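One letter stands for each residue in the lines below.
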Number of protein chains: 2
Amino acid sequence: MPRSQTRHSLANQILDIVRNARLEAGHHLREQWLGDLLGVSRTPIRAALDLLAERGAVETRKNQGFFLVQSFDALQRLQVEVPSSAEQSLYKQLVRDRLAGKLPGSVTQSEIAKRYDVDRGVLMRALSRLAEDNLVARNKGHGWRFLPTLATDVALRNSYEFRLAIEPAGILLDSFRPNPAVIERCRLQHMVLLSNPDLGSVDSAQLFETDVAFHEALAEFSGNLFLLQAVQQQNRLRRLFEFWSYGNKRRVRDWCREHLAIIDALEAQDFTRAANAMREHLTNAYEERPQISANAKSGKGSANRKKTLRA
Amino acid sequence: MPRSQTRHSLANQILDIVRNARLEAGHHLREQWLGDLLGVSRTPIRAALDLLAERGAVETRKNQGFFLVQSFDALQRLQVEVPSSAEQSLYKQLVRDRLAGKLPGSVTQSEIAKRYDVDRGVLMRALSRLAEDNLVARNKGHGWRFLPTLATDVALRNSYEFRLAIEPAGILLDSFRPNPAVIERCRLQHMVLLSNPDLGSVDSAQLFETDVAFHEALAEFSGNLFLLQAVQQQNRLRRLFEFWSYGNKRRVRDWCREHLAIIDALEAQDFTRAANAMREHLTNAYEERPQISANAKSGKGSANRKKTLRA
DNA sequence: TATTGTATATTCAGCGTCCATAATACTAGC
DNA sequence: GCTAGTATTATGGACGCTGAATATACAATA
């Protein structure tokens, strides 16, 4: 929630709403309506709409408010880039350097402040977020220590084992209630991927988000909040390790098919089959797991970033 | 890690060490040794030992340091009470009042500051801790909202379901390695409880800690960090709901026996049996789950809610 | 030599003030 | 009536300072 990041973030959410509701050009975007949907007051909504006006997605008419310039499908590609905060890059940098073995298991705030030349505010926020994600913990006295969560090979294995314990179990709960609309949406996303002859044109982030959306949707269906939170935590973790380069295109096709098989079972209300399929899917995923060493090498996806980690 | 709470906390940890190591009266407690064990420097250790000296557990000899006055078993009962901070009581108060329906789903800082007459520092820390425990989350704009985690009936059920998914699974992992010493210690604790003719003399906190120690030990044996973290989170949550009044003494004896059965299976290296026993144990625990009404005593506010779970 | 006692250097958390941002109330236009 | 535009109130984060708690270095003592 920091900074004017919210403006950008809200702008993106408004775009999502437009796309989801399939609004046409000329549609009147009422401020209060958006505010209610997003749970904020008109003030920040207005700021976000101003931003979108600058980008040409909407226009403002005096005393009438904001109107869509383009229809929802013309906006498919538009996305307001969220200015990455210093905090975020420090977060990533810390994870990166720790993985590369450049940081000791225990560090103090000022060591970091000196090394990366950031001020306390940024530093504290970054460390807090790392703590939230269970990547670091405060030492008893001074300093912070990295948790073994960041010893990737073991952590990766633990992660799959953990998901294997909870995700199929979630499907088998009495409270499990798949939402047809969400499922259909999910299926579509996967079809799009599969229909793409060369997955090369699809960027990793999109692949990953499709994957995440699928697993989190199922976790949500389970009706169990703890399960959902656990799955979300796992995904946040997975997002970190950027060996989501998806070099293995075949594997992508495979998991798409596996996801679709699970979706089929869900639509047939055959939850036992779905759970089994999920179990298999996770097992496969682990067996064809991304190679850490391969990733730690150069991280194509982030070539523009400083090559601090691989000498 | 706030305040001079650390002194008291450290003092208790030192007592634990003495008991675990079964040290005799007159034993020389070297500062650096304790510091290394607890991961802090000599300064706070010294403060804690001073505290223990005040309580008569250790004595200080000029230029020689600290020595145990009583042997480990004479110290079984001693525990330094940690002065409860304003932050902690606010935390509890908030949970309590929310459960009793006295607080709305969404609150702002100053509403709370006014209602409970606490300053912002305390307030922020309490809210942060609540957020860590996934009990509240920040609203997008201003204010905080309580998460459904605090809708006790559903949450309790979710909690058991979640534990049922992960705890037995942990036992069945390849990496599961029970530590004989820890198991033995656990067994002893349970035997003590069972041998107690009238559990009335044992206070709830101790019962609860025995329970928690058992489950967390097993989670730790699993070698899976995520699983351990998840179990710990569940226990932190359970600690909150103080319907751990253990009014049901019979149930206490039952779960002691169930725990012991699991321990037996572990010592026989029969992990399948142990996992099954754990599954049964958790199922029983849910079926004889604590009645929420007992806690929400005043709880007119939640009277409507609590009926939903009892069949 | 190993450990305590003491002094000094760091570290980080508390606290107060300030200000960007958000919520709310109110006015004006359609 | 509803909506946008504008002003006002408030919230909670940012920033800097200070001091207690911690770590560290060194002297004293068994």
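Draft legend 1. Representation of the environment of R273 of chain B within the structure. You can see R273 of chain B is positioned in helix α12 (residues 271-287). Note: C-alpha distance between R273 of chain B and Q64 of chain B (209 residues apart in sequence) is 53 Å.

Draft legend 2. Molecular detail of the sheet that holds strand β3 (residues 65-68) of chain A. Residue and element names in this part refer to chain A. Pairing within the open sheet is antiparallel, and its 3 strands lie in the order β1-β3-β2. In this open sheet, the two strands that pair with only one neighbour each are β1 (28-29) and β2 (58-61). Sheet analysis places β2 next to β3, joined by 4 bridges and oriented antiparallel. By the bridge assignment for β3, E59 is matched with F67.

Draft legend 3. Seen up close, the interface of chain B and chain A. Of the residues lining the interface, 35 residues belong to chain B; the matching set on chain A comes to 35 residues. Here chain B meets chain A over a buried area of about 2500 Å², counting both sides, of which 62% is carbon and sulfur. For the chain B face of the interface with chain A, the top three residues by lost area are K140, F162 and F226 of chain B, together amounting to 28%. Between the two partners, chain B and chain A, sit 2 salt bridges. Note that R157 of chain A and D174 of chain B form a salt bridge whose closest N and O atoms lie 3.9 Å from each other. Our count for the chain B to chain A interface comes out at 8 residue pairs in polar contact (both at pLDDT 80 or more).

Draft legend 4. Geometry of the relation of the copies chain B and chain A. For the pair chain B and chain A, the relating rotation is 180°, the translation along its axis is 0.1 Å, and the fit reaches an RMSD of 0.6 Å. Considering both components of the superposition, the chain copies are consistent with a two-fold axis. Of every C-alpha in chain B, the one belonging to A165 of chain B sits nearest the axis of rotation, 3.1 Å from it. Most of the interface of chain B is mirrored in chain A: 100% of its interface residues are interface residues there too.

Draft legend 5. The packing of helix α11 (residues 249-267) of chain B against α12 of chain B, seen in detail. Residue and element names in this part refer to chain B. Between α11 and α12, the least distance of the axes is 8 Å, while the angle of their chain directions is 165°. Between α11 and α12, the angle is such that the two are roughly antiparallel. Taken as a pair, α11 and α12 cross one another with a handedness that is left-handed. Residue-level contacts link R251, W255, E258, H259, I262, A265 and L266 of α11 to F271, R273, A274, A277, M278, H281, N284 and A285 of α12. Partitioned by chemical class, the residues of the contact of α11 with α12 number 9 nonpolar, 3 polar and 3 charged.

Draft legend 6. Inspection of the protein's contact with DNA strand C at higher detail. Around DNA strand C sit 29 residues, and of these S41, T43 and R138 of chain A together with R42 and R46 of chain B come closest. Counting only atoms of DNA strand C within 4 Å of the protein, the fraction found in sugar and phosphate groups is 73%. Note that a phosphate oxygen of DNA strand C is positioned 3.3 Å from one of the backbone N or O atoms of E31 of chain B. Here R120 of chain B contributes a side-chain N or O atom positioned 3.1 Å from a base oxygen of DNA strand C. Those elements that provide at least two residues to the surface near DNA strand C are α3 (42-54) and α5 (109-116) of chain A together with β1 (28-29), α3 (42-54) and α6 (120-132) of chain B.

Draft legend 7. Seen up close, the protein's contact with DNA strand D. Taken together, 30 residues lie near DNA strand D, and S41, T43, Q109, S110 and R138 of chain B sit nearest. Within the backbone of G65 of chain A, one N or O atom sits 3.5 Å away from a sugar or linking oxygen of DNA strand D. Interatomic distance of 2.6 Å between a side-chain N/O atom of T43 of chain B and a base nitrogen of DNA strand D. Contributing elements (two or more residues each) for the surface near DNA strand D: β1, α3 and α6 (120-132) of chain A together with α3, α5 (109-116) and α6 of chain B. It is α3 of chain B that contributes the most residues to the surface near DNA strand D, 3 residues altogether. Looking at side-chain class alone, the surface near DNA strand D contains 4 nonpolar, 16 polar and 10 charged residues.

Draft legend 8. Structural view of the environment of T60 of chain A. Residues and elements named next belong to chain A. Along the chain, T60 falls in strand β2. When the C-alpha atoms of T60 and G35 are compared, they prove to be 17 Å apart, with 25 residues separating the residues in sequence. Contact partners of T60, with chain neighbours within four places excluded, come to G65 and F66.

Draft legend 9. Fine view of the pattern of salt bridges. All names here are of chain A. Within this structure, the stated rule accounts for 34 salt bridges over all chains. Among the ionic pairs, R187 bridges to E184, the shortest N-O distance being 3.5 Å. Taken as a pair, R187 and E184 lie in helix α8 (residues 180-195) at a separation of 3 residues, close to a single helical turn. Among the residues examined, R187 registers a relative accessible area of 17% and is labelled buried.

Draft legend 10. Molecular detail of the environment of A25 of chain B. All names here are of chain B. Position of A25 among the secondary structure elements: in the loop between α1 (5-21) and β1. On the accessibility criterion, A25 (43% relative accessible area) is partly exposed. As a C-alpha pair, A25 and A74 span 49 residues in sequence and 9.2 Å in three-dimensional space. With residues near it in sequence (within four places) discarded, A25 still touches L68, V69, Q70 and S71.

Draft legend 11. The packing of aromatic side chains, seen in detail. All names here are of chain A. Throughout the structure, instances matching the rule amount to 8 aromatic pairs over all chains. Relative to F221, the ring of F176 lies with its centre 6.0 Å away and its plane at 80°, an arrangement referred to as edge-to-face. Separated by 45 residues along the polypeptide, F176 in the loop between α7 (152-171) and α8 and F221 in helix α9 (residues 204-221) bring together distant segments of the chain. Considered together, F176 and F221 belong to a single accessibility category, that of buried residues. Ring pairing ties together the aromatic residues F176, F221 and F271, which thus form one cluster. Above the ring of Y91, the side-chain terminus of R129 is found at 4.4 Å from the ring centroid.

Draft legend 12. Molecular detail of helix α4 (residues 86-99) of chain A. All names here are of chain A. Taking 1.5 Å per residue, 14 residues should reach 20 Å; α4 reaches 20 Å between its end C-alpha atoms and fits that length. Along α4, the residues classified as buried are E87, L90, Y91, Q93, L94, V95, R96 and D97. On its buried face, α4 sits against α5, α6, β6 (144-146) and α10 (225-240).

Draft legend 13. How the structure looks around the sheet that holds strand β4 (residues 106-107) of chain B. Residues and elements named next belong to chain B. Read from one edge to the other, the open sheet built from 3 strands follows the order β4-β6-β5, with strand pairing classed as antiparallel. This sheet does not close on itself; its edge strands, each paired only once, are β4 and β5 (136-138). Bridge analysis of β4 against strand β6 (residues 144-146) gives 2 bridges, and the strand direction is antiparallel. Counted as the bridge partner of V107 is W144 from β6.

Conventions and cut-offs
- Residues numbered from 1 in each chain as written.
- Chains lettered and ligands numbered in written order.
- Predicted model: local features only at pLDDT ≥ 70, side-chain atom pairs only at ≥ 80, totals over all residues.
- Heavy atoms only, no water.
- Helix = DSSP H or I, 4+ residues; strand = E, 2+ residues; numbered from the N terminus.
- Pairing = 2+ DSSP bridges.
- Contact = heavy atoms within 4.5 Å.
- Buried area = accessible area lost by both parts, 1.4 Å probe.
- Salt bridge = Lys/Arg side-chain N within 4 Å of Asp/Glu carboxyl O.
- Polar contact = N/O pair within 3.5 Å; in protein donor to acceptor, adjacent residues only side chain to side chain.
- Least-squares fit on C-alpha atoms with pLDDT ≥ 70 in both.
- Axes fitted to C-alpha atoms, helices over the stretch in contact; angles between N-to-C directions.
- Parallel < 35°, antiparallel > 145°, perpendicular 65-115°, else oblique.
- Left-handed = near helix turned anticlockwise from the far one by under 90°.
- Nonpolar A, V, L, I, M, F, W, Y, C, P; charged D, E, K, R; others polar.
- Near = heavy atom within 4 Å.
- Buried < 20%, exposed > 50% of the residue type's maximum accessible area, 1.4 Å probe, protein only.
- Phe/Tyr/Trp six-rings, centres within 6.5 Å; stacked < 30°, edge-to-face > 60°.
- Lys NZ or Arg CZ within 6 Å of the ring centre and 35° of its normal.
- Expected span 1.5 Å × (residues − 1).

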